[in-house]
Amino acid sequence: MAQYIEDVHDVARLIPPGRVTNYGAIADFLTLGSARMAGWAMNKAHGDETIPAHRVVNRKGELSGRNHFATPTLMQERLEAEGVEVVDNKIVNFDELFWSPTELLK
DNA sequence: CATGTGACTCTTA
DNA sequence: GTAAGAGCCACAT
């Protein structure tokens, strides 16, 4: 397994419950060079249930990866189960719920 | 070896 | 304010 993919998955697991982050933040934190790499790495997380992939969304807080889950609604359901409001596939109060991996360095 | 695709983001018109 | 284009890197075919 490529190291950077493990790193991305690691970061995903470190996201606190009820919080979310975006691909760009992860890519920047791991210096992947592109947000697409983070997204692509998450694609490899498909099927790995130990990874809370539902807490990773695009920069607008939209659930862009919902189609990669078992069902298109699973991602939203998991977020709502953690207290995150989701309307029309977008996270409510995304600015407040946003979490960056750099928070760990403080 | 070359081409197409993607769970993205930023810049320019 | 909205819309379109380009850059980004790795992987599958």
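Every value quoted in this text rests on a predicted model; they were computed, and no experiment measured them. (Residues numbered from 1 in each chain as written. Chains lettered and ligands numbered in written order. Predicted model: local features only at pLDDT ≥ 70, side-chain atom pairs only at ≥ 80, totals over all residues. Heavy atoms only, no water.)

### Quick notes on the pattern of salt bridges
The condition is simple: Criterion for a salt bridge: a side-chain nitrogen of Lys or Arg within 4 Å of a carboxyl oxygen of Asp or Glu. Only DSSP runs of H or I reaching four residues or more are called helices, and only runs of E reaching two or more are called strands; each is numbered from the N terminus. For each residue, the accessible area found with a 1.4 Å probe, counting protein chains only, is set against the maximum for its type, and the residue is called buried under 20%, exposed over 50%, and partly exposed in between.
Overall, the coordinates contain 4 salt bridges when judged by the stated rule. Close ionic contact of Arg-13 with Asp-48 constitutes a salt bridge, the shortest N to O distance being 4.0 Å. Of this pair, Arg-13 sits in helix α1 (residues 3-14) while Asp-48 is found in the loop between α3 (35-43) and β2 (56-57), placing the two residues 35 residues apart along the sequence. You can call Arg-13 partly exposed: its relative accessible area is 37%. Under the relative-accessibility criterion, Asp-48 is labelled partly exposed at 31%. Here the residues in one salt-bridge network are Asp-10, Arg-13 and Asp-48, joined through shared partners.

### Notes on α3
Note the threshold: In this description, one arc is meant: the one made by directions from the helix axis to the C-beta atoms. Throughout, a contact is declared for two residues whenever any of their heavy atoms are within 4.5 Å. N or O atoms within 3.5 Å of each other form a polar contact, as long as, within protein, one can give a hydrogen and the other can take it, and as long as residues adjacent in sequence are counted only when both atoms are side-chain atoms.
All of the buried residues along α3 are Ala-38, Ala-41 and Met-42. Buried residues along α3 cover an arc of 100° about the axis, so they all sit on one side. On its buried face, α3 sits against α1, α2 (23-29) and β2. Two or three places before Arg-36, at the start of α3, stands the capping residue Ser-34, its side-chain oxygen 3.1 Å from that residue's backbone nitrogen.

### Some words on the packing of aromatic side chains
Selection rule: Centres within 6.5 Å are what make two rings of Phe, Tyr or Trp a pair, Trp counting through its six-membered ring; a difference in plane orientation under 30 degrees is then read as stacked, over 60 as edge-to-face, and the rest as tilted.
Applying the stated rule across the entire model yields 1 aromatic pair. On the basis of an interplanar angle of 65° and a centroid distance of 5.8 Å, the ring pair of Phe-94 and Phe-98 is categorised as edge-to-face.

### Focus on the protein's contact with DNA strand C
Here is the rule we go by: In this text, near means that some heavy atom of the residue lies within 4 Å of the molecule or strand in question. Think of it as three bins: nonpolar holds Ala, Val, Leu, Ile, Met, Phe, Trp, Tyr, Cys and Pro, charged holds Asp, Glu, Lys and Arg, and polar takes everything else, Gly as well.
Within the structure, DNA strand C sits among Tyr-4, Leu-32, Gly-33, Ser-34, Arg-36, Met-37 and Trp-40. By atom count, sugar and phosphate contribute 73% of the portion of DNA strand C lying within 4 Å of the protein. Here a sugar or linking oxygen of DNA strand C and a side-chain polar atom of Tyr-4 are 3.1 Å apart. The element contributing the most residues to the surface near DNA strand C is α3, with 3 residues. Across the surface near DNA strand C, the residue classes break down as 4 nonpolar, 2 polar and 1 charged.

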